Amino acid sequence: MLVLKRDVNEKIIIGKDLVTIKVLEISEQSVRLGIEAPPELSIHREEIYNSIERKEKQLSKPPETKKEPVVRTISEPSLDEIAERIAQREGDK
């Protein structure tokens, strides 16, 4: 991490004039920064960025689908069908 000391109205330039950060105000509890950057470069406070990342992660997950149990009905042959099959086998001999 690069650590720099800047006073009010002093700037930090990132890249070849790509991003400029200017110290606008310094108070007891915070520092106000002005950031100039190309519109295609998204700039967010950390908490906003983390919120966006969480939402994108949730959206990228496939929706959970409930799997219905597979129910199969197996019918047993009747006594008449069993007798008919036996008679066919005996007739084939």
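Described below are features of the structure shown in this document. Please read these numbers as outputs of a predicted model, since none were measured by experiment. (Residues numbered from 1 in each chain as written. Predicted model: local features only at pLDDT ≥ 70, side-chain atom pairs only at ≥ 80, totals over all residues. Heavy atoms only, no water.)

1. Description of the pairing of strand S2 (residues 19–26)
Then, in step 1: Looking at chain direction, strand S1 (residues 11–14) and S2 are connected through four bridges and run antiparallel. Among the inter-strand pairings, Ile14 is bridged to a residue of S2, identified as Val19.
Then, in step 2: Counted along the chain from S1 to the antiparallel partner S2, the turn is four residues long, and its residue Gly15 has a positive phi close to 75°.
Then, in step 3: Note: S2 against strand S3 (residues 31–36), six bridges, orientation antiparallel. Following the sheet pairing, Ile21 is matched in S3 by Ile35. (Pairing = 2+ DSSP bridges. Helix = DSSP H or I, 4+ residues; strand = E, 2+ residues; numbered from the N terminus.)

2. What to know about unusual backbone geometry
Then, in step 1: Positive phi, normally seen in glycine, also occurs at Asn9, with a value near 75°.
Then, in step 2: Mapped onto the secondary structure, Asn9 falls in the segment before S1.
Then, in step 3: In this structure, Asp17 takes a positive phi of about 55° despite not being glycine.
Then, in step 4: Among the structural elements, Asp17 can be located in the loop between S1 and S2.

3. Quick look at the side chain of Thr20
Then, in step 1: With respect to the helices, strands and loops of the structure, Thr20 is situated in strand S2.
Then, in step 2: Since its relative accessible area comes to 11%, Thr20 is described here as buried.
Then, in step 3: Apart from residues lying up to four places away in sequence, Thr20 is in contact with Lys11, Ile12, Ile13, Gly34, Ile35 and Glu36. (Buried < 20%, exposed > 50% of the residue type's maximum accessible area, 1.4 Å probe, protein only. Contact = heavy atoms within 4.5 Å.)

4. Here's the deal with helix H2 (residues 79–92)
Then, in step 1: For H2, built from 14 residues, the straight-helix expectation of 20 Å at 1.5 Å per residue is met to within 8% by its first-to-last C-alpha distance of 20 Å.
Then, in step 2: Buried residues are scarce in H2, accounting for zero of its 14 residues. (Expected span 1.5 Å × (residues − 1).)

5. Section: a nonpolar patch on the surface
Then, in step 1: Residues Val8, Ile26, Val31, Leu33, Ile35, Leu41 and Ile43 make up a contiguous nonpolar surface patch of roughly 590 Å² in combined accessible area.
Then, in step 2: Here the element with the most residues in the nonpolar patch is S3; it accounts for three residues.
Then, in step 3: With respect to the element layout, Val31 can be found in strand S3. (Patch = residues over 30% accessible without salt bridge, like charges linked within 9 Å, V, L, I, M, F, W, Y side chains within 5 Å. Areas by Shrake-Rupley, 256 points an atom, 1.4 Å probe, with all protein chains shown as cover. Salt bridge = Lys/Arg side-chain N within 4 Å of Asp/Glu carboxyl O.)

6. Observations regarding the sheet that holds S1
Pairing between the strands of a sheet comes from backbone hydrogen bonds, and it takes one of two forms, parallel or antiparallel.
Then, in step 1: Read from one edge to the other, the open sheet built from three strands follows the order S1-S2-S3, with strand pairing classed as antiparallel. Pairing within the sheet leaves two strands with one partner each, and these edge strands are S1 and S3. Across the sheet, the mean angle separating the axes of adjacent strands is 20° when strand polarity is ignored. (Axes fitted to C-alpha atoms, helices over the stretch in contact; angles between N-to-C directions.)

Bear in mind that shape data such as this cannot, by itself, settle questions of function.
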